[in-house]
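# Observations on the three-dimensional arrangement
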Amino acid sequence: MTQDEMKKAAGWAALEYVQEDTIVGVGTGSTVNHFIDALATMKDRIQGAVSSSEASTEKLLGYGIEVFDLNSVSELSVYVDGADEINEHNHMIKGGGAALTREKIIAAVADQFICIVDNTKEVPILGEFPLPVEVIPMARSYVARQLVKLGGDPVYREGVTTDNGNVILDVYNMKIIDPVKMEKDINAIVGVVTNGLFADRGANQVIIGTPEGAQKR
Ligand code: 5RP
């Protein structure tokens, strides 16, 4: 099975967590794109979706699925999204697609975070994948210096502006032993909008695409 086929297996398996007549939280990325394909098969049985990126919004609208502003939604039963890395405690690194802030906001609203990944995303310790940090543009150099003090090597993601008009620093060489503390420490730096650690609020359910099909944990 290819990596994309494993992503597809995870994406389609997440459909069972979608409750009829609700608004569904939808993340961003190639695994989520498979989930959106699956969601389209029951589009007449859901109210619609909230989306974490312009890219996902476009795909949802292309299927005729209504996309709501999060401010008009008081509750979400599920938020389905991918991850760049996930550990055994369901802590994640996200933001490879630069959508981390909107993703974190929607995850905060949702009752259940359903994480869909292929098995290459499972790691014992987070940090091999560079940790994305969304930063207010004028604070970029200051935040980079503070991230060096925390032990990382930040690299400006050239040519990328987030959907919120900010920039991304990708932090290399962080061995993240305590993801909950690291998430808080980075978010405390003035000028940081948020970082890609989803540890304080991790995934409630993980669906892993493997060569044997989708496995849940
Ligand atoms: C986007 C994300 C994605 O969930 C993450 O990058 C995984 O992407 P993919 O499913 O394409 O591997 O956090 O900001």
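Coordinates for the structure precede this section.
Now for a quick tour of the structure.

### Here's the deal with the site of the ligand
For the ligand, the set of nearby residues contains 17 residues, the closest of which are S30, T31, D84, G95 and K121. Between an oxygen atom of the ligand and a main-chain N or O atom of T28, the distance comes to 3.1 Å. If the ligand stood free it would expose 380 Å²; the protein chains cover 91% of that surface.

### Quick notes on the pattern of salt bridges
Under the defined criterion, the tally for this structure stands at 13 salt bridges. E183 is the partner of K104 in a salt bridge, and the nearest nitrogen-oxygen pair spans 2.8 Å. Taken together, the positions of K104 in helix α4 (residues 100-109) and E183 in helix α6 (residues 179-187) put the pair 79 residues apart, joining distant regions of the chain. Ionic pairing is found between K181 and D185, a salt bridge with its closest N-O pair at 2.7 Å. Remark: D185 and K181 occur in helix α6; sequence separation between them is four residues, near one turn of the helix. A residue is classified by how much of its surface remains accessible, and D185, at 28% relative accessible area, is partly exposed. Salt bridges linked by common partners bring E54, R102 and D163 together as one network.

### Here's the deal with the sheet that holds strand β4 (residues 85-86)
With respect to topology, three strands assemble into an open sheet ordered β4-β5-β11, the strand pairing being antiparallel. What marks the edges here is a single partner per strand, and that holds for β4 and β11 (197-198).

### Section: the environment of S72
Following the sequence through the fold, S72 ends up in the loop between α3 (54-62) and β3 (76-81). Owing to a relative accessible area of 53%, S72 belongs among the exposed residues under this scheme. Sequence separation of S72 and N87 is 15 residues, and the distance between their C-alpha atoms is 33 Å.

### Topic: the sheet that holds strand β7 (residues 131-135)
With respect to topology, four strands assemble into an open sheet ordered β8-β9-β7-β10, the strand pairing being antiparallel. On the outer flanks of this sheet lie β8 (153-156) and β10 (192-195), each paired with one strand and no other. The sheet shows a mean angle of 30° between the axes of neighbouring strands, direction not considered. In this sheet, strand β9 (residues 167-172) lies alongside β8 in antiparallel orientation, the contact comprising four bridges. Looking at the pairing, V155 lines up with D170 of β9. Contacts from α4 reach β7, β9 and β10 within the one sheet, and its direction differs from that of β10 by about 70°. Along the sheet, α6 makes contact with β7 and β10, crossing β10 at roughly 165°.

Quick notes on the rules
Residues numbered from 1 in each chain as written. Predicted model: local features only at pLDDT ≥ 70, side-chain atom pairs only at ≥ 80, totals over all residues. Heavy atoms only, no water. Near = heavy atom within 4 Å. Polar contact = N/O pair within 3.5 Å; in protein donor to acceptor, adjacent residues only side chain to side chain. Areas by Shrake-Rupley, 256 points an atom, 1.4 Å probe, with all protein chains shown as cover. Salt bridge = Lys/Arg side-chain N within 4 Å of Asp/Glu carboxyl O. Helix = DSSP H or I, 4+ residues; strand = E, 2+ residues; numbered from the N terminus. Buried < 20%, exposed > 50% of the residue type's maximum accessible area, 1.4 Å probe, protein only. Pairing = 2+ DSSP bridges. Axes fitted to C-alpha atoms, helices over the stretch in contact; angles between N-to-C directions. Contact = heavy atoms within 4.5 Å.

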